[in-house]
Amino acid sequence: MAAASASSSLLTSKSSSPTALSWKNQLPLSFATVSLDCGRRNHRNSHRLVVFAMDAKPTVLVAEKLGQAGLDLLKDFANVDCAYNLSPEELCTKISLCDALIVRSGTKVSREVFESSAGRLKVVGRAGVGIDNVDLAAATEHGCLVVNAPTANTVAAAEHGIALLTAMARNIAQADASVKAGKWQRNKYVGVSLVGKTLAVMGFGKVGSEVARRAKGLGMHVISHDPYAPADRARAIGVELVSFEEAIAKADFISLHMPLTAATNKILNDETFAKMKKGVRIVNVARGGVIDEEALVKALDAGIVAQAALDVFTEEPPAKDSKLVQHENVTVTPHLGASTMEAQEGVAIEIAEAVVGALKGELAATAVNAPMVPAEVLTELKPYVELAEKLGRLAVQLVAGGSGVKSVKVTYASARAPDDLDTRLLRAMITKGLIEPISSVFVNLVNADFTAKQRGLRITEERILLDGSPESPLEYVQVQIANVESKFASAISDSGEIKVEGKVKDGIPHLTKVGSFEVDVSLEGSLILCRQVDQPGMIGKVGSILGEENVNVSFMSVGRVAPRKHAVMAIGVDDQPSKQSLKRIGEIPAVEEFVYLKL
């Protein structure tokens, strides 16, 4: 089992919600008008935003140079605004008119940017791997998905790391400058061989593992430190995983490939340099902040570090008088790790596809602040994700009164072992379905758990292990809301909770149980639930009323406890019936209660 979270305030239902109209015991129907609040106080701005909302295309702000192939892909789907070298103030001003933002490493996407977007910004695309220039906490709180492009520049970065490694070992940059200055100093620039030397790869992710492969081809002995790397993947390449202390103590060369986090910030410092083998050589194509640059200058001057080759710096560009940059034993490049023609185009396409997919509402395999699930699992779970949201949406619309939803139990029935079924996406989408119909809050995969905490919604999960073939990830999903009244009494189960249950049939979500009544109706369009006396002609009577108004019935199913007793009829409709039509359904003598639910 897994549990979501509990927090301070409560979810409260809105009796006038336009997505949940109900009638019971011949009470009059209640309707509400819907207004669009654009967050602007003057009429002129409000009018402008309403007109903009009618535009079919979203707007994508590209704040740093992006390859033409990526721009072309974006332009096929969105309005693209290329505005480079924006100041923080200019970015905050423009962002309220944008649905997506694409940056590289030079633009800081701060909390102020998300606050300035006023909720419009839906996705930030980082054209590259590292996301330390994006405030992930703020993005999550504001429901903004952050995606990156982790694969396209992998080879380019690895190749640059190897280029710096070999150039440093043979003093290529210094010798080149010397010859161009009219000198011929063969004895001064004697290098060191790589064959037989130990290379410590610090961070065994995509780039680190590719560097390791190439270093093995150069005849180096490669060790690596990465607390998250699987040992079998390292063994397959011929790399030994060791502790951080062992790696820095044994290495002749150190190549850094770790992200910049609180744990890795200045991880190479006075203390760690003192533990290294004298004459060690260091390459950094990861992030400048992982090295304490002042400590590195001291280590170079003391001879502890013989040479360094750096593509990244704590501050970019570094100061012109930087002691580190000007040091004679340091080779530097201006953040060229991903700067090949092939990588630039690849990154542009990869990030453009991720951003367009996110704007379409698709699940992103490269999301960095949402549940991370492999692409093949996303494909398999897609119809169940839709089922989960619709069950949550349906269940919360059945809640009556103002007591609020406090506790929800979700049950997953599957023949798969618990370790083979990742329910994080499903829980997030159930949360979305539960909150959005009764709140003005926009909920997505990114901020679902955060929003649930804020609103005091506690979700518990239970798994039922079934016998049989585990070909499908789930047999059914059940959502129960406890300690609430229902506007449709038949939705209350024998144990006293509102209960709805569904499954996926031929890739389409179906409602299969309401309360204790078995039904079978596709969860498409909207739904009318009727409790009636089970007698002939009921389907025809309701169908005729809807047909007279040209409301198409997509599915209809009847569940009953016994012949001629009570039954629940579930009717799927493509359009919302009028107030008069719903009133006429309620006036059918055999109908005891009904509810209209918008899915």
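Reading the values: the criteria
- Residues numbered from 1 in each chain as written.
- Predicted model: local features only at pLDDT ≥ 70, side-chain atom pairs only at ≥ 80, totals over all residues.
- Heavy atoms only, no water.
- Helix = DSSP H or I, 4+ residues; strand = E, 2+ residues; numbered from the N terminus.
- Buried < 20%, exposed > 50% of the residue type's maximum accessible area, 1.4 Å probe, protein only.
- Areas by Shrake-Rupley, 256 points an atom, 1.4 Å probe, with all protein chains shown as cover.
- Axes fitted to C-alpha atoms, helices over the stretch in contact; angles between N-to-C directions.
- Parallel < 35°, antiparallel > 145°, perpendicular 65-115°, else oblique.
- Left-handed = near helix turned anticlockwise from the far one by under 90°.
- Contact = heavy atoms within 4.5 Å.
- Expected span 1.5 Å × (residues − 1).
- Salt bridge = Lys/Arg side-chain N within 4 Å of Asp/Glu carboxyl O.
- Pairing = 2+ DSSP bridges.
- Arc of directions from axis to C-beta.
- pLDDT = per-residue confidence, 0-100.
- Right-handed = clockwise from strand over helix to strand, strands pointing away.
- Nonpolar A, V, L, I, M, F, W, Y, C, P; charged D, E, K, R; others polar.

> Would you take a moment to explain the overall build of the chain for this structure?
What the chain contains, in helices and strands, is 19 helices and 26 strands. In the chain, which comprises 599 residues, the proportion classed as buried is 50%. Counting only carbon and sulfur atoms, one obtains 52% of the accessible surface of the chain, whose full area is about 27,700 Å².

> What is the right way to read the packing of helix 2 (residues 68-75) against helix 14 (residues 341-359) from this model?
How two helices sit against one another is set out by the angle between their axes and by the gap between those axes. Following both chains from N to C, one finds helix 2 and helix 14 inclined at 20 degrees, their axes separated by 7 Å at the closest point. Looking at the two axes, helix 2 sits roughly parallel to helix 14. Note that helix 2 runs across helix 14; the crossing there is right-handed. Residues Gln68, Ala69, Gly70, Leu73 and Leu74 of helix 2 lie in contact with helix 14, whose contacting residues are Glu345, Ala348, Ile349, Ala352, Glu353, Val355 and Val356.

> So what exactly am I meant to see when it comes to helix 14 here?
With 19 residues, helix 14 should cover 27 Å at 1.5 Å per step; its first-to-last C-alpha distance of 27 Å lies within 8% of that length. Buried residues of helix 14: Ala343, Val347, Ala348, Glu350, Ile351, Ala352, Ala354, Val355, Val356, Gly357 and Ala358, and no others. On its buried side, helix 14 packs onto helix 2, strand 5 (100-103), strand 6 (123-126), strand 7 (145-148) and helix 6 (154-169). Looking at the residues trailing helix 14, positive phi occurs at Gly361, about 90 degrees.

> Explanation requested: the pattern of salt bridges in the structure shown.
Note on pairing: side chains with opposite charge can pair once their charged atoms come close. Inspection of the entire model under this criterion finds 26 salt bridges. We note a salt bridge from Arg531 to Glu592, for which the minimum N-O separation is 3.0 Å. In this pair, Arg531 sits in strand 23 (residues 526-533) while Glu592 sits in strand 26 (residues 591-598), placing the two residues 61 residues apart along the sequence.

> When you look at the sheet that holds strand 10 (residues 240-241) in this model, what are you seeing that I'm missing?
Strand order in the open sheet made by the seven strands is 10-9-8-11-12-13-14, with parallel pairing throughout. Unpaired on one side and paired on the other, strand 10 and strand 14 (330-332) mark the two borders of the sheet. Of the strand pairs in this sheet, strand 9 (residues 221-225) and strand 10 are connected by two bridges, and their pairing is parallel. The residue of strand 10 that forms the bridge with Ser224 is Leu241. Packed on one face of the sheet, helix 8 (residues 206-217) meets strand 8 (198-202), strand 9 and strand 11 (253-256) and runs near 170 degrees to strand 8.

> Please clarify how helix 19 (residues 579-586) should be interpreted in this entry.
Because the α-helix completes a turn every 3.6 residues, residues three or four places apart line up on one side. Burial in helix 19 covers these residues: Ser581, Leu582, Ile585 and Gly586. For helix 19, the angular spread of buried residues about the axis comes to 140 degrees, placing them on one side.

> For this particular structure, what's the right way to read the sheet that holds strand 3 (residues 59-62)?
The strands that make up a sheet pair up through hydrogen bonds in the backbone, lying either parallel or antiparallel. Pairing within the open sheet is parallel, and its five strands lie in the order 4-3-5-6-7. Unpaired on one side and paired on the other, strand 4 (79-82) and strand 7 mark the two borders of the sheet. The sheet shows a mean angle of 20 degrees between the axes of neighbouring strands, taken without regard to direction. Where strand 3 and strand 5 come together, three bridges link them in parallel fashion. Looking at the pairing, Val60 lines up with Ala100 of strand 5. In the packing of helix 2 onto the sheet, contacts are made with strand 3, strand 4 and strand 5, and the angle to strand 4 comes to roughly 140 degrees.

> Would you mind showing me how to read the environment of Lys266 here?
Checked against the element boundaries, Lys266 lands in the loop between strand 11 and helix 11 (270-274). Expressed as a C-alpha distance, the spacing of Lys266 and Gly289, which sit 23 residues apart in the sequence, is 5.8 Å. Sequence-distant contacts of Lys266, defined by excluding residues within four places in its chain, comprise Gly289, Val290, Ile291 and Asp292.

> How should unusual backbone geometry be read in this particular structure?
Negative phi is the rule for most residues except glycine; trans is the rule for most peptide bonds. Pro317 follows Glu316 through a cis peptide bond whose omega is -5 degrees. Following the sequence through the fold, Pro317 ends up in the loop between strand 13 (305-310) and helix 13 (323-326). Positive phi, normally seen in glycine, also occurs at Asn85, with a value near 60 degrees. In this structure, Asn85 sits in the loop between strand 4 and helix 3 (88-94). The exposure class of Asn85 is exposed, given its relative accessible area of 75%. One non-glycine residue, His335, lies in positive phi territory at about 55 degrees.

> Sorry if this is basic, but what is going on with the confidence of the model for the chain here?
Predicted coordinates in regions of low pLDDT should not be interpreted in detail. Per-residue confidence for the chain gives a mean pLDDT of 85, with 88% of residues at or over 70. Low pLDDT (under 50) marks residues 1-55, which in the prediction has 98 contacts with non-local residues, meaning those over four places away or in another chain.

> Even after reading the chapter, I still don't get the environment of Val332, so can you show me in this structure?
Locating Val332 in the fold gives a position in strand 14. Each C-alpha atom of the pair Val332 and Met168 lies 9.8 Å from the other, and the pair is 164 residues apart in sequence. Apart from the residues within four sequence positions on either side, Val332 is in contact with Leu310, Phe313 and Val325.

> How should I be thinking about the pairing of strand 6 in this particular structure?
Two faces belong to every sheet, and in a regular strand the side chains alternate between them. Of the two faces of strand 6, both are covered, the one formed by Val123 and Gly125 as well as the one formed by Val124 and Arg126. Tracing the backbone out of strand 5, into helix 4 (residues 111-116) and back to the parallel element strand 6 gives a crossover that is right-handed. Across four bridges, strand 6 lies against strand 7 in parallel orientation. Looking across to strand 7, one finds that Val123 is bridged to Leu145. Crossover connection from strand 6 via helix 5 (residues 136-141) to parallel strand 7: handedness right-handed.

> So what exactly am I meant to see when it comes to the packing of helix 18 (residues 538-548) against helix 19 here?
In the contact formed by helix 18 and helix 19, the axes pass within 10 Å of each other and the chain directions differ by 165 degrees. In terms of orientation, helix 18 lies roughly antiparallel with respect to helix 19. Like other packed secondary-structure pairs, helix 18 and helix 19 cross with a definite hand, here right-handed. Residues Val542, Ile545, Leu546 and Glu548 of helix 18 form the contact with helix 19, whose participating residues are Ser581, Arg584 and Ile585. Residue composition of the contact of helix 18 with helix 19, grouped by class: four nonpolar, one polar and two charged.

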